[in-house]
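Coordinate inspection notes
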Amino acid sequence: MPFRSKQGNPLDATIYKNTLMEMEKIVQLLESKGIRPTAMRLMTYKRLEELKVAISLGDLEKDFKVTERSTLFRTIKAFEEKGIVHQIEDGTGFMKYALCEDSCECEVGNDLHLHFHCNNCNETVCLTDHKIPHINLPEGYITEDINLVVKGVCEKCSSNLD
């Protein structure tokens, strides 16, 4: 008997197999970081991976039909502590989160990159190919965090301006 969707339609075995393979990859990643792969953590990672843009906790919560805000918050915090996501303060008043790249260390002095916030569509993206250069502060100053956000109009929105 073939697998069926909620509407009763047969599911394509290839799609089903690919989905299982994607989830197994996420399980392995979470376990390699010391995170137990619960359903919420798997769904959260998958959603962040699909988005390709940074998202606030509130917006992420809206993407799930049934979730408790505290569970989602703990999931994001666990991901942040283990280097799976990083925070972005983009000036909107809401902290946003984006997936880290595989080799990302997201610490002051290591692999810091630019972020771009579009004033038109309000999306914030990581520009991982554009690194923040090391900044030499005067003696007595201690760097605790670096966050560089460029604001303007993104590629998607600028093509619509023509």
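Structure's up top.
Residues numbered from 1 in each chain as written. Predicted model: local features only at pLDDT ≥ 70, side-chain atom pairs only at ≥ 80, totals over all residues. Heavy atoms only, no water.

**Observations concerning the nonpolar core**
Counting 18 residues, the largest nonpolar core has Leu30, Phe79 and Ile84 as the members making the most contacts within it. Per-element accounting of this core gives the leading share, four residues, to helix H2 (residues 39-51). Excluding residues that lie within four positions of it along the chain, Leu30 makes contacts with Ile35, Pro37, Arg41, Leu42, Phe79 and Ile84. (Core = buried A, V, L, I, M, F, W, Y, C linked by side-chain atoms within 4.5 Å. Buried < 20%, exposed > 50% of the residue type's maximum accessible area, 1.4 Å probe, protein only. Helix = DSSP H or I, 4+ residues; strand = E, 2+ residues; numbered from the N terminus. Contact = heavy atoms within 4.5 Å.)

**Remarks on the sheet that holds strand E2 (residues 85-89)**
Taken in spatial order, the three strands of this open sheet run E1-E3-E2, and their pairing is antiparallel. Each edge of the sheet is formed by a strand with only one pairing partner; in this case those strands are strand E1 (55-56) and E2. Across two bridges, E1 lies against strand E3 (residues 95-99) in antiparallel orientation. Bridging across to E3, Ser56 finds its partner in Lys96. Across the sheet, H2 is in contact with E1, E2 and E3; its angle to E3 comes to roughly 90°. (Pairing = 2+ DSSP bridges. Axes fitted to C-alpha atoms, helices over the stretch in contact; angles between N-to-C directions.)

**Remarks on the packing of aromatic side chains**
Note on aromatic pairs: each is described by the distance of the centres and the angle between the planes. In the structure shown here, the tally under the stated rule is one aromatic pair. Ring geometry for Tyr45 against Phe79: centres 6.4 Å apart, planes inclined by 75°, an arrangement best described as edge-to-face. With Tyr45 in helix H2 and Phe79 in helix H4 (residues 69-81), this pair connects stretches of sequence that are 34 residues apart. We classify Phe79 as buried; its relative accessible area is 0%. (Phe/Tyr/Trp six-rings, centres within 6.5 Å; stacked < 30°, edge-to-face > 60°.)

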